[in-house]
Amino acid sequence: MALRFALIGCGAIGTALLELVKDDAGLIAAAIVVPAGSEADAHTVAARVAHGAQVLSAVPADGIDLVVEAAGHTAIEQHVLPALQRGVPAIVASVGALSAPGLPEQLEAAAREGGTQVQLIAGAIGAIDALAAARVGGLETVRYTGRKPPRAWKGTPAEEGRDLDALGAETVIFEGTARDAACLFPKNANVAATVSLAGLGLDRTTVRLIADPAVTENVHEVEAAGAFGRFELTMRNQPLAANPKTSALTVYSAVRALRGRVAPLAI
Ligand SMILES: NC(=O)C1=CN([C@@H]2O[C@H](COP(=O)(O)OP(=O)(O)OC[C@H]3O[C@@H](n4cnc5c(N)ncnc54)[C@H](OP(=O)(O)O)[C@@H]3O)[C@@H](O)[C@H]2O)C=CC1
Ligand SMILES: O=C([O-])CC(=O)C(=O)O
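Going by what an unreviewed UniProt entry lists, the protein is known as L-aspartate dehydrogenase and is assigned to Pseudacidovorax intermedius. UniProt, in its Pathway (unreviewed entry) section for the protein, records the words "Cofactor biosynthesis; NAD(+) biosynthesis; iminoaspartate from L-aspartate (dehydrogenase route): step 1/1."

A. The arrangement of the overall build of the protein in detail. Helices and strands together make up the secondary structure of the protein, namely eight helices and 13 strands. For the protein, the C-alpha radius of gyration of 18 Å lies close to 18 Å, the compact-globule estimate for 267 residues. Taking the principal axes of the C-alpha coordinates as reference, the protein spans close to 50 × 45 × 35 Å. Counting the 267 residues in the protein, one finds 46% classified as buried. Intrachain contacts of the protein at a sequence separation of at least 6 include 71% that bridge at least 24 residues.

B. How the structure looks around the packing of helix H5 (residues 128-137) against helix H7 (residues 190-198). Running from amino to carboxyl end, H5 crosses H7 at an angle of 35°, the nearest separation of the two axes being 8 Å. Residues Ile128, Leu131, Ala132 and Arg135 of H5 form the contact with H7, whose own contacting residues are Thr194, Val195 and Ala198.

C. Structural detail: the UniProt feature "binding site: NAD(+)" (unreviewed entry) in the protein. UniProt's entry tags Ala124 and Asn190 with the feature "binding site: NAD(+)" (unreviewed entry), counted in the numbering of this structure. Taken together, the annotated residues stretch across 67 residues yet fold into one region, lying no more than 8.7 Å apart by C-alpha. One can find alanine 124 in the loop between strand S6 (118-120) and H5. Under the C-beta neighbour-count criterion, alanine 124 is labelled buried, with 24 such atoms within 10 Å. If we ignore the near neighbours within four places in the chain, the residues touching alanine 124 are Val191, Asn218, His220, Asn237, Ser247, Leu249 and Thr250.

D. Fine view of the pairing of strand S10 (residues 218-226). In the sheet, strand S7 (residues 139-148) pairs with S10 via eight bridges, with the strands oriented antiparallel. If you follow glycine 146 over to S10, its bridge partner there is histidine 220. One ladder, built from nine bridges, connects S10 with strand S11 (residues 229-237); its direction is antiparallel. Paired with valine 222 across the two strands is leucine 233, which belongs to S11. The turn linking S10 back onto S11 is made up of two residues.

E. Inspection of the sheet that holds strand S5 (residues 90-92) at higher detail. Taken together, six strands build an open sheet; the order of strands is S3-S2-S1-S4-S5-S6 and the sheet is parallel. Where the open sheet ends on each side, the last strands, each with one partner, are strand S3 (54-56) and S6. Here the average twist between neighbouring strands, direction ignored, is 25°. Two strands pair when backbone bridges link them, and strand S1 (residues 3-8) and strand S2 (residues 27-33) are joined in this way by six bridges, in the parallel orientation. Looking across to S2, one finds that isoleucine 8 is bridged to valine 33. The strands touched by helix H8 (residues 248-260) within the sheet are S1, S2, strand S4 (66-69), S5 and S6, with S5 carrying the most contacts at an inclination of about 165°.

F. Representation of H7 in the model. Of all nine residues making up H7, nine are buried, and the element is well covered by its neighbours. Where H7 is buried, its residues touch S6, H5, S7, helix H6 (178-184), strand S9 (206-211) and S10.

G. Representation of the site of ligand 2. The local shell around ligand 2 consists of Ala124, Lys187, Asn188, Ala189, Asn190, Val191, Asn218, Asn237, Lys245, Thr246, Ser247 and Thr250. Considering each element in turn, the shell around ligand 2 owes the most residues, three residues, to strand S13 (residues 243-247). Of the residues belonging to the shell around ligand 2, the class tally is three nonpolar, seven polar and two charged.

H. View of the UniProt feature "domain: Aspartate/homoserine dehydrogenase NAD-binding" (unreviewed entry) in the protein. Within this structure's numbering, the places UniProt gives as "domain: Aspartate/homoserine dehydrogenase NAD-binding" (unreviewed entry) are residues 9-118. Measuring from the first to the last C-alpha atom of residues 9-118 gives 17 Å, for a span that is 41% helix and 16% strand.

Criteria and cut-off values
Residues numbered from 1 in each chain as written. Chains lettered and ligands numbered in written order. Predicted model: local features only at pLDDT ≥ 70, side-chain atom pairs only at ≥ 80, totals over all residues. UniProt positions renumbered as here; feature names shortened; annotations may be inferred. Helix = DSSP H or I, 4+ residues; strand = E, 2+ residues; numbered from the N terminus. Rg over C-alpha atoms; globule rule 2.2 N^0.38 Å. Buried ≥ 20, exposed ≤ 12 C-beta atoms within 10 Å, placed from the backbone. Contact = placed C-beta atoms within 7 Å. Axes fitted to C-alpha atoms, helices over the stretch in contact; angles between N-to-C directions. Pairing = 2+ DSSP bridges. Near = placed C-beta within 6 Å. Nonpolar A, V, L, I, M, F, W, Y, C, P; charged D, E, K, R; others polar.

Have a look at this one:
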């Protein structure tokens with residue numbers, strides 16, 4: 001039987017995800033959940049790539065096997081927690097939401113109450129498997145650097161005291177913990193939270209965020225060292241045309257997680 005999923009958020013990630021899975025026999029987009037007042041755009045997307053999906057402002061109480069969150073930090077408390085409590089598993093892209101004190105514990109409690117599980121996807125970053133495995137042996141340092149073109153930092157605290165359009169050279173816009181990065185840059189530093197949750201935690205992972213007029217990609221670097229040895233990872237991700245803050249790889253990561261729920265052999 002096909003898996004009926006509810007997609008939360010129908011922006012750059014959500015729309016691209018629906019396009020990619022529209023012909024998957026094992027997956028049915030049963031519902032698209034968007035904020036009240038934003039239904040019109042979601043109906044247009046549904047008519048194109050998700051026939052039969054209901055457009056709603058909450059996850060339906062029945063008939064949903066899985067929720068896929070691609071909306072933003074607020075959607076975790078609003079939609080993911082109640083779904084988990086009802087026993088519906090969840091795939092989450094807005095990993096930075098877990099920087100809010102208490103939210104990881106609330107997610108765990110909700111999943112336990114519902115006898116289910118919440119899966120945090122790797123999203124725009126790689127080597128999360130290696131990092132999480134390395135943690136078993138003990139990690140010493142984990143450093144993450146996120147570098148994006150200036151336009152990707154529009155609408156964030158990076159604009160305070162500087163004109164992003166006038167940057168002539170790379171500029172460090174944040175240095176600190178993964179927790180503060182994820183909290184201050186909710187649409188740009190989910191990856192910082194993901195790296196930290198897989199590795200040394202939100203308060204011991206050091207983060208630098210850079211606006212760089214010399215790059216066109218979203219460049220993510222991780223340096224990790226511990227009992228396992230060390231690794232250096234560089235990702236040069238293509239941003240989505242629909243949202244320059246978001247890498248296309250995030251969509252593919254969500255699709256991979258979704259397909260992994262029904263594939264007879266998953267990798
Ligand atoms: N893990 C990772 O590597 C990455 C994670 N992300 C996460 O994914 C999120 C979505 O990214 P992207 O698609 O590019 O963003 P967009 O802004 O393009 O789309 C967000 C969509 O979610 C909707 N939305 C916002 N809040 C809610 C809510 N509480 N409930 C339901 N729908 C909601 C928006 O509706 P409206 O337009 O009406 O506000 C919009 O349809 C980011 O905010 C970020 O948290 C992003 C990139 C990488
Ligand atoms: O998509 C990316 O390149 C990373 C991103 O926005 C995030 O970590 O929130």
